[in-house]
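Single-letter residue listing:
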Amino acid sequence: MNPSPAIRKVFQGVASRPQMFRMFDRHLQRPNRWEDDAMPLYAGEWFEIGEAEHDYMFEILPPLWIRGSMFAMREFLTGSVTSVFFALRIDEAIRYFHGYCDLADQSSVETMRLAIIERESPPVRAMTRAERLEHIWSTTADDYRGYAGERWPEASRGKRTLMIYGGKGGAVLKLLEDLSDDEIAAKLPVQLRHLPSPIAA
């Protein structure tokens, strides 16, 4: 199911309210939804939201806790993973973010806060291949994304799939991780297609 313990940005830009709610459960369609441990799927995911969306989420329920400019949702998504909302000063502006933190790890919230600040501090006009794939997954309609089932080789089962336009051959189902650079570019909005990859330190 592509578990990833790494802290990762899953959407480029500021998510609208409908996008925010949709990304709260990006893995809704996964097989064995009620049987597997979903914590590795969600823990570490983050994206930017607007001030209005941040304030709206603060007012839905009393937070589990408030720590300075951060608060955690009282309702857990899975296991010890819950939504944490951040209001962070980056480059002299206050920006707002949502992240899934595993509260069983006492350092997870601070680790995420620092990771967001580092990733979003100037210069930020770049996207890694992983961020491009996550953005494509986040913005693709449910009808055009899914998970490899029994018809796929055993090693591919459970991995994320995407329907892409295959030219004269029509639509083709392909593993998300196997998209070529050209296929990735075709799936991204025009303003994101030519962003460079970050230069490794």
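Higher on the page you've got the structure.
Report follows, based on the coordinates. In this text, all values refer to a predicted model and were calculated from it rather than measured experimentally.

As a further point, take helix H3 (residues 51–60). Of the positions making up H3, those classed as buried are Glu-53, His-54 and Met-57. Projected down its long axis, H3 carries its buried residues within an arc of 105°, all on one side. Residues of H3 that are buried sit in contact with helix H1 (17–23), strand E2 (45–49), strand E4 (70–78), strand E5 (81–90) and strand E6 (93–102).

Moving on to the sheet that holds E5. To summarise the sheet geometry, strands pair through backbone hydrogen bonds and adopt either a parallel or an antiparallel arrangement. Strand order in the open sheet formed by 6 strands is E1-E2-E6-E5-E4-E3, and the pairing between neighbours is mixed. Each of the sheet's edge strands pairs with one partner strand only, and the pair in question is strand E1 (8–15) and strand E3 (65–67). When the angles between neighbouring strand axes are averaged without regard to direction, this sheet yields 25°. For E4 and E5, the ladder comprises 5 bridges, and the chain directions are antiparallel. Across the sheet, the residue bridging to Phe-76 is Thr-82, located in E5.

Within the secondary structure, His-27 is located in the loop between H1 and helix H2 (39–42). Within the structure, His-27 has its side chain in polar contact with the backbone oxygen of Leu-41 (distance 3.5 Å). One polar contact links His-27 to Glu-45, side chain to side chain, over a distance of 2.8 Å.

The buried fraction of E2 is high, at 5 of 5 residues. By the alternation rule, side chains of E2 split into Glu-45, Phe-47 and Ile-49 and Trp-46 and Glu-48, which are all buried. Note that E1 and E2 share 4 bridges and pair parallel. By the bridge assignment, Lys-9 is partnered in E2 with Trp-46. Relative to E6, E2 runs antiparallel, the two sharing 4 bridges. Opposite Trp-46, over in E6, you have Gly-99 as the bridge partner.

This next bit is on a nonpolar patch on the surface. Taken together, the side chains of Phe-21, Tyr-56 and Ile-60 present a nonpolar region at the surface, about 260 Å² in accessible area. Position of Ile-60 among the secondary structure elements: in helix H3. The partly exposed category is assigned to Ile-60, whose relative accessible area is 38%.

Criteria and thresholds
- Residues numbered from 1 in each chain as written.
- Predicted model: local features only at pLDDT ≥ 70, side-chain atom pairs only at ≥ 80, totals over all residues.
- Heavy atoms only, no water.
- Buried < 20%, exposed > 50% of the residue type's maximum accessible area, 1.4 Å probe, protein only.
- Helix = DSSP H or I, 4+ residues; strand = E, 2+ residues; numbered from the N terminus.
- Arc of directions from axis to C-beta.
- Contact = heavy atoms within 4.5 Å.
- Pairing = 2+ DSSP bridges.
- Axes fitted to C-alpha atoms, helices over the stretch in contact; angles between N-to-C directions.
- Polar contact = N/O pair within 3.5 Å; in protein donor to acceptor, adjacent residues only side chain to side chain.
- Patch = residues over 30% accessible without salt bridge, like charges linked within 9 Å, V, L, I, M, F, W, Y side chains within 5 Å.
- Areas by Shrake-Rupley, 256 points an atom, 1.4 Å probe, with all protein chains shown as cover.
- Salt bridge = Lys/Arg side-chain N within 4 Å of Asp/Glu carboxyl O.

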